[in-house]
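If you want the building blocks of each chain, they are given just below.
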Amino acid sequence: MIKDKFKEIRPYYGEEESKALARIAGHPVLDRISDFLFPGESPERFRKLIAGLDCVSDFQSQVMLHAIKKIIEKTANKLSYSGHEKLLNHKKYLFISNHRDIMLDSAIIQVILFMNNLDTSEMAVGDNLITDEFIEDVARSNKMIKVIRQGNSRELYKASLLLSEYIRNRVSSGKSSVWIAQRNGRTKNGVDLTEQGLLKMFDMSGGGCFVDDFGDLNITPVSISYEYEPCDYLKAREIYISRRRKYIKEPGEDLNSILTGILQYKGNIHIHFCNTIDNIELSRSGKMEKNEKFKNLAEIIDKKIHESYHLWKTNLMAFDILNSSKMYNNNYTTEELRNFNNYIDEKCANFDGDKREFKNIMLAIYSNPVNSSSGKHPFEEKEN
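The structure reproduced in this document is the subject of the present report. (Residues numbered from 1 in each chain as written. Predicted model: local features only at pLDDT ≥ 70, side-chain atom pairs only at ≥ 80, totals over all residues. Heavy atoms only, no water.)

In this section: the packing of helix α4 (residues 56-75) against helix α5 (residues 104-115). For the pair α4 and α5, the least separation of the axes is 10 Å and the interaxial angle reads 115°. The orientation of α4 with respect to α5, classified from their angle, is roughly perpendicular. Helix-helix and strand crossings are classified by hand; for α4 and α5 the assignment is left-handed. Here Ser61, Leu65, Ile68, Lys69, Ile71 and Ile72 of α4 lie close against α5, whose contacting residues are Leu104, Ala107, Ile108, Val111, Phe114 and Met115. Residue composition of the contact of α4 with α5, by class: 10 nonpolar, 1 polar and 1 charged. (Axes fitted to C-alpha atoms, helices over the stretch in contact; angles between N-to-C directions. Helix = DSSP H or I, 4+ residues; strand = E, 2+ residues; numbered from the N terminus. Parallel < 35°, antiparallel > 145°, perpendicular 65-115°, else oblique. Left-handed = near helix turned anticlockwise from the far one by under 90°. Contact = heavy atoms within 4.5 Å. Nonpolar A, V, L, I, M, F, W, Y, C, P; charged D, E, K, R; others polar.)

Another aspect to go through is the environment of isoleucine 277. Structurally, the position occupied by isoleucine 277 is in the loop between β7 (267-273) and α12 (279-286). Accessibility expressed as a relative area gives 7% for isoleucine 277, which makes it buried. Sequence separation between isoleucine 277 and glycine 215 is 62 residues, and the spatial gap between their C-alpha atoms is 7.8 Å. If we ignore the near neighbours within four places in the chain, the residues touching isoleucine 277 are Ile219, Pro221, Leu282, Leu297, Ile300, Ile301 and Lys304. (Buried < 20%, exposed > 50% of the residue type's maximum accessible area, 1.4 Å probe, protein only.)

On inspection of all chains with the given rule, the structure shows 26 salt bridges. Residue glutamate 229 is joined to lysine 235 by a salt bridge in which the shortest nitrogen-to-oxygen separation is 2.7 Å. By relative accessible area, glutamate 229 is classed as buried at 2%. The class for lysine 235 is buried, based on a relative accessible area of 1%. The closest approach of N and O atoms between glutamate 281 and lysine 304, which form a salt bridge, is 3.2 Å. A residue pair is termed long-range when its members are at least 10 positions apart, and glutamate 281 in helix α12 and lysine 304 in helix α13 (residues 290-307) qualify at 23 residues. A relative accessible area of 15% means that glutamate 281 is categorised as buried. Residues joined in a network through salt bridges with shared partners are Arg100, Asp192, Glu229 and Lys235. (Salt bridge = Lys/Arg side-chain N within 4 Å of Asp/Glu carboxyl O.)

Moving on to the environment of isoleucine 300. You can see isoleucine 300 is positioned in helix α13. For isoleucine 300, a relative accessible area of 12% translates into the label buried. Taking the C-alpha atoms as reference, isoleucine 300 lies 7.9 Å from glutamate 281; in sequence the two are 19 residues apart. Excluding anything up to four places from it in sequence, isoleucine 300 contacts Ile277, Glu281 and Ser285.

To continue, consider empty space enclosed by the protein. Inspection of the entire model under this criterion finds 5 cavities of 30 Å³ or more. By volume, the largest cavity is sized at about 110 Å³. Only α4 and α5 provide two or more residues apiece to the lining of the largest cavity. Partitioned by chemical class, the residues of the lining of the largest cavity number 6 nonpolar, 5 polar and no charged. (1 Å grid on protein atoms, 1.4 Å probe; cavity = no way out; pocket = protein on both sides within 12 Å on 5 of 7 lines; lining within 4 Å. Points joined across faces, edges and corners; volume = space filled by probe spheres on them.)

The 7 strands lie next to each other as β1-β7-β6-β2-β5-β3-β4, forming an open sheet whose pairing is mixed. Edge positions in the sheet fall to β1 (76-82) and β4 (144-147), since each of these pairs with one other strand and no more. Direction aside, neighbouring strands of the sheet carry axes that sit 25° apart on average. Pairing of strand β3 (residues 122-126) with strand β5 (residues 178-181), which is carried by 2 bridges, proceeds in the parallel orientation. Bridged to methionine 123 within β5 is tryptophan 179. Set on the sheet, α13 makes contact with β2 (94-97) and β6 (219-226); between it and β6 the angle comes to about 40°. (Pairing = 2+ DSSP bridges.)

So far we have only geometry, and geometry alone does not tell us how the molecule works.
Structure (structure tokens):
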């Protein structure tokens, strides 16, 4: 019998799928989820639906798709997207996106793929978010790849190599596309930058030719833009505290961020699928010295994400407020500016600290994408 070395990190398949779905169907938390998705209906109907499924694709199409659409319907104004027409089902991609919300970034991408008759992708998710068996069952029944983030340096190296091999295997073999965030953890300050370490991780499983190794992955940047930043208050609070001491997460903080990101009003959402990085671009990077190769490739990804980032009025108003300018005042009305100012002030009202500094942090979260898209060097908050 051939050992499955990817078993602990890959999505469920085969007998694992039906067993996990049976466990999900029997979990008591399903009553509350049913109330949200199917208000007024008996939870038993929802349990029977899940219990009757036997594969990941059915779980995605009959449960997760409905769940994400319901979240968008209840907490967003409009979802728009572009660039998807370039994607082909016979070709698999490594989607690298900016990262603003723990769950919704990848989940909304799956909805878009599904609605356009494109195969959904597998999704890389940090194991710090997998806090119990139920969450693991739901995640791995939804094509989740587990990213190991805990352990000593030797264990983390082995985990990175395994993840690199798995992603390369799935994409280059044409078995599945994969989504992964451009950085470890969400962007807190509105500055979307690709970590070079992520690209070095992909390189670990390559054959030694930079152009061929990254060409096999069909890297396709994806730009995600929310009109109202998910967890903006929580992100600003983390930045404020980090300026004063090392920020340490409290127990249950990741789960709170997931729930806040789901339930908070997001206004409009736009997702753009950028052009896949081609061999000409890779050749340009490949001619550079080793570390410069990854730096240049990261800059190519960032440029595509920044150029296709949809700037909302909230971004433009924040820029003008923060910079005491009228550069973009033709793009919004006096009433819209007043309403946005009130929104920020309400967020800051109950903050226990320097409210002026906190407000500037909140505004920077919204204004930094304007700096990025215009080619300026935005203020980047260092993180501990």
